[in-house]
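Coordinates in review
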Amino acid sequence: MSPSELRAEFPIFAARPRPFHYLDSAATGQICRAAAQALLGFEAAARANVKRGVYRLADEATQAFDRARAEIAAYLGVRDAREVILTSGTTFGLNLLAHGLVGRLAPGDEILLSTLEHHSNIVPWQLAAGRVGAVIRAIPVTAEGRLDLDRLDEVLSRRTRIVSVTHVSNVTGAVSDIGRIVEAARAVGARVVVDGAQRVPHGPLDVEALGCDAYALSGHKLFAATGAGALWIRRDLAEELPPFLGGGEMIRRVSFAGTSFAAPPHRFEAGTPPIGPAIALGAAAAWLAGLDWQALAEAEAALTARLLAGLAAIPAVRVVGPTGTQGRLGVVSFAVDDVHPHDLCQLLDSRGLCLRGGHHCAQPLHDALGLEATTRASLALYNDASDIDALLEGLEWAIRRLA
Ligand code: PLP
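Rules used in this analysis
- Residues numbered from 1 in each chain as written.
- Predicted model: local features only at pLDDT ≥ 70, side-chain atom pairs only at ≥ 80, totals over all residues.
- Heavy atoms only, no water.
- Pairing = 2+ DSSP bridges.
- Helix = DSSP H or I, 4+ residues; strand = E, 2+ residues; numbered from the N terminus.
- Axes fitted to C-alpha atoms, helices over the stretch in contact; angles between N-to-C directions.
- Right-handed = clockwise from strand over helix to strand, strands pointing away.
- Salt bridge = Lys/Arg side-chain N within 4 Å of Asp/Glu carboxyl O.
- Buried < 20%, exposed > 50% of the residue type's maximum accessible area, 1.4 Å probe, protein only.
- Left-handed = near helix turned anticlockwise from the far one by under 90°.
- Contact = heavy atoms within 4.5 Å.
- Nonpolar A, V, L, I, M, F, W, Y, C, P; charged D, E, K, R; others polar.
- Domains from an automatic or database assignment.
- Buried area = accessible area lost by both parts, 1.4 Å probe.
- Near = heavy atom within 4 Å.
- Polar contact = N/O pair within 3.5 Å; in protein donor to acceptor, adjacent residues only side chain to side chain.
- Areas by Shrake-Rupley, 256 points an atom, 1.4 Å probe, with all protein chains shown as cover.

Pairing is antiparallel in the open sheet, where four strands are placed in the order β11-β12-β15-β14. Strands at the two margins of the open sheet, each flanked by one partner only, are β11 (317-319) and β14 (356-358). Sheet twist, expressed as the mean angle between neighbouring strand axes with direction ignored, is 30°. Across three bridges, β14 lies against strand β15 (residues 374-378) in antiparallel orientation. In the strand pairing of β15, Gly358 is matched with Thr374.

In C-alpha cells:
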C-alpha cells in the first residue's frame, strides 16, 4: 500500500480542509476506515446487548464481540483469546490491576514504577498502595529520557511485589527494555505489568514473549473508536485476581447469602461493555495486522530522523528525549527557549498543525528533566515528510514571532 493509499484509509484526511498536519497521535490516533465502518455497522444495523439474549440479533452481537476479542488477541500475539479482557482503555486496565494486585500486599511491600510513567500508571498504584501501606518506588531516568536500568538494583528489592512500567514513553518516545526488567523482577518474585498505550499503534507484537504478566492498551490510540481498550492478563494471574467492578454478566450465581464469580475474562467485564467501540477495535487490529510493518517502521524511523535533524538545526530548540532513532519511536518532545508550549501550539494551529503542549500527564518526568512543560509531535503511520517539513517551517516562523 502506497503512503497516499494508506492515508486514504483514514477518513479524517478527506474531511478536513487543508492545511491539516495531525501530529498528536500519542494523544489519540485517527480512526481508520475499517474501524469506523465496523462501529457504524454495529450501531446502525446489528445492535443488541451481548452475552445475554437468545434471539439471533443478540447472538450475532455476542459473536462479533468475541471475534473482536480474538482479533485483538491475535494482534498482541496472545494464543488464548480468553486471556484478553475488553475494557474502556489503558487507564481502566491499570486501575483494575492496581485494585486486584495491591489488595494482597502487606504494609511495607514495594511497588516499582518508573519516572517515565504517564499518570495513569502512577495514580492507581498510589491509591491502592495507600490503602494497604505499600511503598511506591521509581526507576530513575537518564539525561536522555530513557529508563536508567543500570540503577535498577537501587530501587528493586526483596520487598518488590509488583513492577509496572511503560513500554514506550509518551514524552520521549524511548522504548523500555521489558525483557531486562522482567528478568530482574522475576529474580525477586515480582509480577510485571506493562502499559502498552504508546507501543501498540506501532505494530503487532508478542506480549507472551515479552515475559510480562499483564499488558494494557487503549483502542482510540490504535486507530479505533474512543471508549474501548483491552487488557491481557496471563491466565494464572487472572485466575487469582478478584473482580474490579460488580454487576451484570460477571457472576456465576448471586444470592443475598453471597455471590460467586464467572471465570476470566467475564469476571472483569461487569455491566454492558462498550460493544461498538470494542468491535471497532477488533476491526482496526485485524486491518493493521495485514500491513507491512517492516516498511512502516522504516518509514517512521526516517521521518523521526528528519524531525530530529530539523529540530537540532534550530538553536532555540532542545529535544528532551533520545536524539537518535535507536530504541525510540516517533514521539518527540522538545523545549523552546523563552516560549511557552501553549503559545507555540496555538500559533502552530493557525498553520494547520496539531501538536500537544503541556506536561503530557507525566509530571514526575518533567520534574526530573527540570521542565514545567514541553511541546510534543507524535507520529503515526499516516504521517509523511510534508507533515515534518510543515512543522519545522512553522516552528521557525513561530519562534521568530514569540521569542
Ligand atoms: N499510558 C500512556 C503511556 C499514555 O500515553 C496514555 C494516554 O496518553 C495512557 C496511559 C492513558 O490512556 P487512556 O487515557 O486512553 O486510558
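Time to look at the pairing of strand β4 (residues 135-139). Pairing analysis gives five bridges linking strand β3 (residues 110-114) to β4, with the strands arranged parallel. Bridging from a neighbouring strand, Ser114 pairs with Ile139 of β4. Considered for its hand, the β-α-β crossover made up of β3, helix α6 (residues 123-132) and β4 is right-handed.

Scanning the model with the defined rule gives 25 salt bridges in all. Across the pair Glu43 and Arg47 runs a salt bridge whose closest N-O atoms are separated by 2.6 Å. Glu43 gets classed as partly exposed once you look at its relative accessible area, which sits at 31%. When the shortest N-O distance is used, the salt bridge between Asp109 and Arg159 registers 2.9 Å. You can see Asp109 sitting in the loop between α5 (90-102) and β3 and its partner Arg159 sitting in the loop between α7 (152-155) and β5 (160-166), a full 50 residues away along the chain. The exposure class assigned to Arg159 is partly exposed, which follows from its relative accessible area of 37%. When salt bridges with common partners are traced through the structure, they connect Arg104, Arg186, Arg191, Asp213, Arg234, Asp236 and Glu240 into a single cluster.

A large share of strand β7 (residues 214-218) lies buried, amounting to five of its five residues. Because side chains alternate across β7, one face comprises the buried residues Ala214, Ala216 and Ser218, and the other comprises Tyr215 and Leu217, equally buried. Note: strand β6 (residues 191-195) against β7, three bridges, orientation parallel. From the neighbouring strand, Val193 faces β7, where its bridge partner is Ala214. Judged from the five bridges that link them, β7 and strand β8 (residues 229-233) form a sheet pairing that is antiparallel. Along β8, the bridge assignment pairs Leu217 with Ala230.

On to the packing of helix α3 (residues 33-45) against helix α11 (residues 275-289), then. Viewed as axis vectors pointing N to C, α3 and α11 meet at an angle of 150°, and their least axial separation amounts to 8 Å. Pair α3 / α11 crosses with right-handed handedness. Side by side, α3 and α11 meet where Ala34, Ala35, Ala38, Leu39, Phe42 and Glu43 of the first sit next to Ile275, Gly276, Pro277, Ile279, Ala280, Ala283, Ala284 and Trp287 of the second. The class makeup of the residues in the contact of α3 with α11 is 12 nonpolar, one polar and one charged.

This brings us to the domain arrangement of the chain. Entries for the chain in the domain assignment read domain 1 (3-28 + 292-402) and domain 2 (37-289). Between the C-alpha centres of domain 1 and domain 2 the distance comes to 28 Å. Contact with domain 1, which involves 35 residues of that partner, is made by 31 residues of domain 2. The three residues of domain 1 that bury the most area against domain 2 are Trp293, Leu329 and Leu365, which together make up 26% of that side's buried surface.

Before going further, it helps to spend a moment on the site of the ligand. Around the ligand, a shell composed of 13 residues is seen, among which Thr91, Asp195, Gln198, Ser218 and Lys221 lie nearest. In this structure, a nitrogen atom belonging to the ligand sits 2.5 Å away from a side-chain N or O atom of Asp195. Contacts to the ligand include Lys221, whose side-chain N or O atom sits 2.6 Å from an oxygen atom. Burial of the ligand by the protein amounts to 85% of the accessible area it has alone, namely 390 Å². Residue composition of the shell around the ligand, by class: two nonpolar, nine polar and two charged.

Once that is clear, we can look at the sheet that holds β6. Across the sheet, seven strands lie side by side as β2-β8-β7-β6-β5-β3-β4; this open sheet has mixed pairing. Every other strand in the sheet has two partners, leaving β2 (84-87) and β4 as the edge strands with one partner each. Direction aside, neighbouring strands of the sheet carry axes that sit 20° apart on average. Sheet strands touched by α5: β2, β3, β5, β6, β7 and β8. Its angle to β6, the strand with the most contacts, is close to 165°.

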